[in-house]
Amino acid sequence: MLFKASAPGSMMLMGEYAVLHDKPALVCAIDKRVEVTLTPRTDDLIRIESDRLGLHQVFLKDLSIAKPFQFILAAIQHYHAKINTGFDLKITSQFSHQVGLGSSAAVTVATLAVLIQWLKLRMGTTDFIRVARAVVREVQGVGSGADVAASVMGGVVLFQAQPLSVEKISVSLPLIAYYAGFKTPTPEAIAWVKARFENNVALFRHLCQAIAECVVSATAAVREQNFRLLGQLMSMHQGLHHALGVNLPVLSSMTDALCAEPHVFGAKISGSGLGDCVIGLGKLTGDISLPATLTGVQRIHVNVSMEGVMCEAN
């Protein structure tokens, strides 16, 4: 018998950094998914085959977390005590883990979902988010769980880490995404910002509060589908990213080029910054105009996915 699960990637709309300090955030699932298929074995071998990462094999008794399969192995390790036999995992992804888009959360959620299905466990949505967030934190040490919530629920999600609160808003947004050509791992970016404000803790708190106020106003704009206001708030949020120090010249060029387009309402960094992606709201008739030196920038076509994690068995 085969067990399958898939989960969408995600993009942060609003709330980066502040969400790590118990402020709200807006995150959305995107229409690029990670699919995990589990086939039980009769021996004790765990065989993981990924179209992006390659092959990894380990016996159940020797299970440990190892790169680049760390999120998959951590998800398996979470249920180690309940697993009695080996299995084959086949993982296919519609997007590269090198461009962000919540790939770590998506593969974690899909792997946990297929294991829960195979092991015949019962779990509510909120508990699932807690488990997946714990797995991600086990691997990278930090993480609000906002991307996990989007992968589980789909749509646009209003998220708060503590106390854990999640609300799905079933609204489609006209998103535009560009990848800078490189990314800084999220834990490194978080550590960099922490060090930057080590002697200015009060200022950092004020910035987090300003970000939270952007999120509150943006949530109302999302509910009303007021894209013009939402775009304006995104551009204001981008200014706060700059104040945090996670903006770079290439990211400024990308957001400025997006905002110069007549049918784009606003743009900002999506995620922890220092590379990775920017996100715009609106429509493009062609491509943005960038300096010739920015050769690594590429557009990523994304839409909001209303479907979160999905499971099937056959």
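As the structure is a prediction and not an experimental result, all values here were calculated from the model. Along each chain, numbering runs from 1 in the same order as the chain's sequence is written. With pLDDT at 70 or above as the cut-off, local features in this predicted model cover only qualifying residues; side-chain atom pairs require 80 or more to be listed or tallied, and sums for whole chains, interfaces and linings still use all residues. Values reported for side chains reflect all heavy atoms of the structure, with hydrogen atoms and water molecules removed beforehand.

### Details of the sheet that holds strand β11 (residues 298-300)
Definition in use: For two strands to count as paired, DSSP must find a minimum of two bridges between them. Numbering of helices and strands runs from the N terminus, with a helix taken as a DSSP run of H or I at least four residues long and a strand as a DSSP run of E at least two residues long. Here the axes come from fitting lines to C-alpha atoms, over the contacting stretch only for helices, and the angles between their N-to-C directions go from 0 to 180 degrees. The criterion used for residue contact is that any of the two residues' heavy atoms lie within 4.5 Å.
Taken in spatial order, the four strands make up an open sheet running β9-β10-β8-β11, and their pairing is antiparallel. Looking at strand neighbours, the two that pair on one side only are β9 (264-270) and β11, the edges of this open sheet. The mean angle between the axes of side-by-side strands here comes to 25°, regardless of whether they run parallel or antiparallel. Relative to strand β10 (residues 277-282), strand β8 (residues 175-179) runs antiparallel, the two sharing five bridges. Its bridge partner lying in β10, Tyr-179 is registered against Cys-277. Packed on one face of the sheet, helix α7 (residues 227-244) meets β9 and β10 and runs near 35° to β9. Relative to the sheet, helix α8 (residues 249-259) contacts β8, β9 and β10, its axis offset from that of β9 by approximately 165°.

### Topic: unusual backbone geometry
Our working rule: Any residue under 20% of the maximum accessible area for its type is buried, any over 50% is exposed, and the rest in between are partly exposed; the area is computed with a 1.4 Å probe on protein chains only.
Note that the residue after Lys-67, namely Pro-68, is joined by a cis bond; omega there is 0°. Despite not being glycine, Gln-225 has its phi angle at roughly 55°, a positive value. Position of Gln-225 relative to the elements: it lies in the loop between α6 (201-224) and α7. Backbone geometry places Leu-274, a non-glycine residue, at a positive phi of 55°. Considering the arrangement of structural elements, one finds Leu-274 in the loop between β9 and β10. By relative accessible area, which is 12% here, Leu-274 ends up buried.

### Focus: the pattern of salt bridges
Rules: Salt bridge, as used here: a side-chain nitrogen of Lys or Arg that lies within 4 Å of a carboxyl oxygen of Asp or Glu.
Scanning the entire structure with this criterion turns up seven salt bridges. For Asp-88, the salt bridge goes to Arg-41, with nearest N and O atoms at 2.8 Å. Residue Asp-88 is located in strand β5 (residues 87-93), and its partner Arg-41 is located in the loop between β2 (25-40) and β3 (45-50); the two are separated by 47 residues in the primary sequence. Using a relative accessible area of 24% as the deciding quantity, one classes Asp-88 as partly exposed. Overall, the relative accessible area of 23% leaves Arg-41 in the partly exposed class. One salt bridge in this structure joins Lys-61 and Asp-62, with 3.2 Å as the shortest N-O distance. On the accessibility criterion, Lys-61 (70% relative accessible area) is exposed. Each member of the salt-bridge network shares a partner with another, and the members are Arg-41, Asp-43 and Asp-88.

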